[in-house]
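# Architecture and fold: a report
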Amino acid sequence: MTSRPHWLADSQVRPLLERFGSPLYVYHEPTLRQRLRELVGLVGHGPFHASISVKANGNPHLLSIAREEGLRGDAMSPGEILLLERAGFTAKDIFFIPNNVSESELRFAHDRGILTSLDSIDQLRTWAEAFPGSRVALRVNPLVGDGHHEKVVTAGERAKFGIVPSELDQARSILAESGITLVGLNQHIGSGFLEPSRYLAAASTLLSIAESFPQLEFVDFGGGFGIPYREHESRLDLGLLGRSLDTMLRDWMRKNNRSIEVGIEPGRYWCAECGALLGTVFAVKPRGEGAIAGTDLGFNVLQRPAMYDAYHRIDLVAVQDVDRPTVPVTWAGNICESGDILGADRQGSLPRPGDLVRVRDAGAYGWAMSSSYNARPRAAEVLVGADGEPLLIRHRETWEDLMRGVA
Ligand code: LLP
């Protein structure tokens, strides 16, 4: 089986780790820009905007590239708003989509003039009491969910997000009583689909709901766009998705005789594939027919496999050119938990201590979900430009960082 080529050649792995340390997140600017441009061009006609979801990757260097490419940003917390501001985004390009927050967090966005979406009747009430006469959006739960794992399905009967259709009349009364203008409806049904039928069905539901809100300026269908983590998975057909949204939008505008802007806000799609995680093998144990390869890539560094059973391709970058048998390899980290497994029973060459590892498609929800569990400082991040030059865009945390905040 020949693998897809990777933007980071095997020969570049060692110099990067020698210079910046292990483990290390590395991002590739040309791949990043390519994905961003695909998103900006998704819907060819009609009013359309693409945002990036900061939660997937909050490094301001990457965010500012997204801004340069013409994307807006959505934020889930004041901290994410600050990251977007650090990257040069201004209020008009930021959409705040919180879930279960205090009045002071709502005020944080309001006072900056950032459009906010409320995702429950209670949060709408809090907003209405604090800011009568303002403009808001509402997050709808269209009762259709999707996602690569049950933990990332964000709509449906049991999801914690959004206002369900049967609560919309109540929302309408609160808006009317407080003189608030509803300018947007948004939703996000879940994360990581490679086949868009549920997304399109939910988009169509949102557009039908939009018909009964005459002051609406936009609908935002959310993110969720998957990427092919596995070798033989097909890419999401963005052409088909874009054309379908385009047709839906035009039909809606014709039927309703008014214009409406459409938005999307992908997280994974904009940054997963431009990111690789590099690490080192320190110990190899023969086990069963294969081996357990012990690395510095625990779930403190990349949480997705432990959290969602997520699959990432793991490439051995062998430093010694010796014959190796092909065996099932289980890749483990250095965290004190038996669930600290990056990938189990992957058929491949037997690793040896000192070998290096490249984990693919780690740019989304990689560093962003990393932690200092087991008191391990978080990894550094490096951006490789079109000229191949690496730029340090986040320092590795230090032991002093771990002590910061201890009272
Ligand atoms: N918009 C909203 C309101 C969201 O809640 C999310 C993600 C997104 C946009 C972006 O979703 P994306 O395009 O990345 O699917 N940590 C998980 C994914 C959790 C996504 C949560 N919400 C993972 O690593 O798979």
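Reading guide: rules and limits
- Residues numbered from 1 in each chain as written.
- Predicted model: local features only at pLDDT ≥ 70, side-chain atom pairs only at ≥ 80, totals over all residues.
- Heavy atoms only, no water.
- Helix = DSSP H or I, 4+ residues; strand = E, 2+ residues; numbered from the N terminus.
- Buried < 20%, exposed > 50% of the residue type's maximum accessible area, 1.4 Å probe, protein only.
- Areas by Shrake-Rupley, 256 points an atom, 1.4 Å probe, with all protein chains shown as cover.
- Pairing = 2+ DSSP bridges.
- Axes fitted to C-alpha atoms, helices over the stretch in contact; angles between N-to-C directions.
- Near = heavy atom within 4 Å.
- Polar contact = N/O pair within 3.5 Å; in protein donor to acceptor, adjacent residues only side chain to side chain.
- Domains from an automatic or database assignment.
- Core = buried A, V, L, I, M, F, W, Y, C linked by side-chain atoms within 4.5 Å.
- Contact = heavy atoms within 4.5 Å.
- Buried area = accessible area lost by both parts, 1.4 Å probe.
- Salt bridge = Lys/Arg side-chain N within 4 Å of Asp/Glu carboxyl O.
- Nonpolar A, V, L, I, M, F, W, Y, C, P; charged D, E, K, R; others polar.
- Expected span 1.5 Å × (residues − 1).

Attention now moves to the overall build of the protein. Counting its regular elements, the protein contains twelve helices and 17 strands. Each of the three principal axes of the protein carries a C-alpha extent, and together these read 75 × 55 × 40 Å. A total of 407 residues make up the protein; the buried ones form 55% of that total. In the form shown here, the protein has an accessible surface area of approximately 17,800 Å², with 49% of it arising from carbon and sulfur atoms.

Let's shift gears to the sheet that holds strand 2 (residues 48-53). In sheet architecture, strand pairing relies on hydrogen bonds along the backbone and comes in two forms, parallel and antiparallel. Sheet architecture is closed into a barrel: eight strands sit in the order 2-3-4-5-6-7-8-9, paired in parallel fashion. Taking each pair of neighbouring strands and ignoring which way they run, the sheet shows an average axis angle of 30 degrees. Bridge count for strand 8 (residues 218-220) against strand 9 (residues 261-264) is three bridges, and the pairing is parallel. Counterpart to Val 219 in the pairing with strand 9 is Val 262.

In this section: the site of the ligand. The ligand sits among 17 residues. The nearest are Ser 191, Glu 265, Arg 268, Arg 304 and Tyr 365. With respect to the ligand, the backbone of Arg 268 contributes an N or O atom lying 2.7 Å from an oxygen atom. Within the side chain of Tyr 308, a nitrogen or oxygen atom sits 2.7 Å from a nitrogen atom of the ligand. Within the complex, 94% of the 580 Å² of free accessible area of the ligand lies under protein. Residues lining the shell around the ligand come from more than one domain, with at least three contributed by each of domain 1 (10-25 + 274-403) and domain 2 (41-270).

Moving on, we come to the nonpolar core. Within the largest apolar cluster, 100 residues are counted, with the highest numbers of intra-cluster contacts made by Leu 185, Val 219, Phe 225 and Trp 270. Residue assignment places this core across two domains, with domain 1 (10-25 + 274-403) and domain 2 (41-270) each supplying three or more. Those residues in contact with Val 219, other than ones at most four positions away along the chain, are Leu 185, Leu 206, Leu 207, Ala 210, Ile 260, Glu 261, Val 262 and Gly 263. Core analysis: the next-biggest nonpolar cluster, separate from the first, contains 15 residues, Phe 20, Val 26, Leu 278 and Val 317 among them.

Right, let's talk about unusual backbone geometry for a bit. In this structure, the amide linkage connecting Ser 22 to the following residue, Pro 23, adopts the cis form with an omega of 0 degrees. Within the secondary structure, Pro 23 is located in the loop between helix 1 (10-20) and strand 1 (24-28). With a phi angle near 55 degrees, Asp 361 is a residue other than glycine that sits in the positive phi range. Tracing the backbone through its elements, the reader meets Asp 361 in the loop between strand 15 (356-359) and strand 16 (380-384). In this structure, Tyr 365 is a non-glycine residue whose phi angle is positive, near 55 degrees. Locating Tyr 365 in the fold gives a position in the loop between strand 15 and strand 16. For Tyr 365, a relative accessible area of 16% translates into the label buried.

With that settled, the discussion passes to the pairing of strand 13 (residues 326-332). When you tally the buried positions in strand 13, you get six out of seven residues, the bulk of the element. In terms of strand pairing, strand 11 (residues 290-295) meets strand 13 through four bridges, oriented parallel. Its bridge partner lying in strand 13, Gly 294 is registered against Ala 332. As defined by bridge partners, strand 13 adjoins strand 14 (residues 341-349) across six bridges and the pair is classed as antiparallel. What sits directly across from Thr 326, in strand 14, is Ser 349.

Domain annotation of the protein identifies domain 1 (10-25 + 274-403) and domain 2 (41-270). Taken residue by residue, the interface counts 17 residues in domain 1 and 19 residues in domain 2. Both faces considered, domain 1 and domain 2 share a buried interface measuring about 1,700 Å² in area, 55% of it formed by carbon and sulfur atoms. If you sort the residues of domain 1 by the area they bury against domain 2, Tyr 308, Tyr 311 and Tyr 365 come out on top, with a joint share of 33%. Taken together, the links from domain 1 to domain 2 amount to one salt bridge. Residue Glu 231 pairs with Arg 313 through a salt bridge whose shortest N-O separation is 2.2 Å. Where domain 1 packs against domain 2, one counts seven residue pairs in polar contact (both at pLDDT 80 or more). For the side of domain 1 that touches domain 2, the secondary-structure elements that each account for two or more residues are helix 11 (304-308), strand 16 and strand 17 (390-394). Class assignment for the residues of the side of domain 1 that touches domain 2 results in nine nonpolar, three polar and five charged.

Bringing helix 9 (residues 238-256) into the picture now. Helix length check: helix 9, at 19 residues, gives a terminal C-alpha distance of 27 Å against a target of 27 Å (1.5 Å per residue), a fit within 8%. Each element contacted by the buried residues of helix 9 is listed here: helix 2 (29-40), helix 8 (197-210), strand 9 and helix 10 (268-271). Its side-chain oxygen at 3.2 Å from the backbone nitrogen of Gly 239, Asp 237 defines the N-terminal cap of helix 9. In the stretch just after helix 9, Asn 257 is the one whose phi turns positive, near 55 degrees.

Using the criterion set out here, one finds 28 salt bridges in the structure. In this structure, the salt-bridge partner of Arg 235 is Glu 273, at a minimum N-O distance of 2.7 Å. Separated by 38 residues along the polypeptide, Arg 235 in the loop between strand 8 and helix 9 and Glu 273 in the loop between helix 10 and strand 10 (275-287) bring together distant segments of the chain. Overall, Arg 235 belongs to the partly exposed group, its relative accessible area being 35%. The exposure class assigned to Glu 273 is buried, which follows from its relative accessible area of 9%. The salt bridge partner of Asp 315 is Arg 358, with a shortest N-O separation of 3.0 Å. Linking Asp 315 in strand 12 (residues 314-317) with Arg 358 in strand 15, this pair joins segments that are 43 residues apart in sequence. One exposure class covers both Asp 315 and Arg 358, and it is buried. Each member of the salt-bridge network shares a partner with another, and the members are Asp 10, Glu 231, Arg 313, Asp 315, Arg 358 and Arg 360.

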